[in-house]
Amino acid sequence: MKKWLLALLVLVLTAGLAACGTSEDNTSGEGGKEESKKIVVGASNVPHAEILEEAKALLEEKGYEMEIKTFNDYVVPNQALDSGELDANYFQHIPYLESQMAEHGYKFENAGGIHIEPIGVYSQDYTTLEDLPKGAHIIMSSSVADHGRILTMLEKEGLITLKEGVEKVKATVEDIAENPKELKFDTEYEAALLPQIFNNGEGDAVLINSNYAIDAGLNPLKDSIAIEESDSPYVNVIAVREGDGEKPAIKALVEVLRSKEIQDFILEKYEGAVVPVKE
């Protein structure tokens, strides 16, 4: 009788533990675990965080809560994603993401493109690129990932010619073959400081990323003397740790950000200074 009761007790305890294990496993996703219903996304203040704020309600309709953490530079958001402080970040274009992965060994992936932010050329003294004098002082971001983008833009505008065969996305000032105006390129400053540099009247022309321009009260379409074309390949993406791109919460986030509601919001709010993409 005692043996029978002991066996029954062991059976009950085993079943109880199994049930507890199943309940616990259903809290985090794959492998029998239920995914967390909250995601933390890092973003630049403008336009990324503003777009995410607009997307919050739509994401909630899909069953997910989103916490947004804002950053004022292009370095810390990737560090935070790598450390696990963030589930995703939304601030960078593909060439920058790839350069950061190569430089720091980050195991990230692109979960989906959302929009393009054309770089603009701003000047306190000149109204067109043609007006720039010989030896003009051109200030651009210290981010090497932006150099090819900027130089390609200036080449299209006829100011410079890049060396034949150079991969334009990776071009640097050393790859300039022809520079008729003898432009002097300054790459000393971080991108976030460029609006302040412009407002201080430094340089003959300053190239500023649209997110920082908008955040500083500049209108890229009205205040720039030239702007990158909207077919730019520099798409801003949702970046996640390797393997997380297929998580339901991340897929839901990308789906919401590509929805008609959010695309219409982007077009209306930024009036073409930020351009949504579908892939």
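Up top you'll find the structure we're talking about.
Please read these numbers as outputs of a predicted model, since none were measured by experiment.

A tally of regular secondary structure across the protein gives 10 helices and 13 strands. Looking at the 279 residues of the protein, the share that counts as buried comes to 47%. Excluding contacts between residues fewer than 6 apart, the proportion of contacts in the protein whose partners are at least 24 apart in sequence is 72%.

Pairs may arise between side chains of opposite charge once their charged atoms sit close together. As enumerated under the stated definition, the model contains 14 salt bridges in all. The shortest N-O distance in the salt bridge between K69 and E85 comes to 3.4 Å. On the criterion of sequence distance, the pair formed by K69 in strand 2 (residues 65-71) and E85 in the loop between helix 3 (76-83) and strand 3 (88-93) is long-range, its members being 16 residues apart. Of the charged contacts, one joins K170 and E167 as a salt bridge, the two residues approaching to 3.9 Å between their closest N and O atoms. Take K170: its relative accessible area is 59%, and that puts it in the exposed class.

With that settled, consider the sheet that holds strand 12 (residues 235-241). Strand order in this open sheet of 6 strands is 2-1-3-12-4-13, and the pairing throughout is mixed. Both outer strands of the open sheet, strand 2 and strand 13 (275-276), are each paired with one neighbouring strand and no more. Contacts from helix 4 (residues 94-104) reach strand 3, strand 4 (108-116) and strand 12, with the element oriented near 110° to strand 3.

Looking at helix 3, one finds that the buried residues are P77, N78, A80 and L81. Down the axis of helix 3, the buried set is contained in an arc of 160°. They therefore lie on one face. Turning to helix 3, the residues buried within the fold contact strand 2, strand 3, helix 4, strand 4 and strand 12.

Of all hydrophobic cores here, the largest spans 32 residues; its most connected members are L52, I238, L253 and L257. Elements with a contribution of two residues or more to this core: strand 1 (38-44), helix 2 (45-61), strand 2, strand 3, strand 12, helix 9 (248-257) and helix 10 (260-270). In this structure, L129, I138, M140 and I160 belong to the second largest nonpolar core, which totals 21 residues.

Turning next to the sheet that holds strand 5 (residues 120-122). Reading across from one edge, 9-6-10-5-11 is the order of the 5 strands in this open sheet, with mixed pairing throughout. In this open sheet, the two edge strands, each paired with only one partner strand, are strand 9 (184-186) and strand 11 (226-227). Inspection of the sheet shows strand 5 paired to strand 10 (residues 205-208) by 3 bridges, in the antiparallel sense. In the strand pairing of strand 10, V121 is matched with L207.

The rules we used
- Residues numbered from 1 in each chain as written.
- Predicted model: local features only at pLDDT ≥ 70, side-chain atom pairs only at ≥ 80, totals over all residues.
- Heavy atoms only, no water.
- Helix = DSSP H or I, 4+ residues; strand = E, 2+ residues; numbered from the N terminus.
- Buried < 20%, exposed > 50% of the residue type's maximum accessible area, 1.4 Å probe, protein only.
- Contact = heavy atoms within 4.5 Å.
- Salt bridge = Lys/Arg side-chain N within 4 Å of Asp/Glu carboxyl O.
- Pairing = 2+ DSSP bridges.
- Axes fitted to C-alpha atoms, helices over the stretch in contact; angles between N-to-C directions.
- Arc of directions from axis to C-beta.
- Core = buried A, V, L, I, M, F, W, Y, C linked by side-chain atoms within 4.5 Å.

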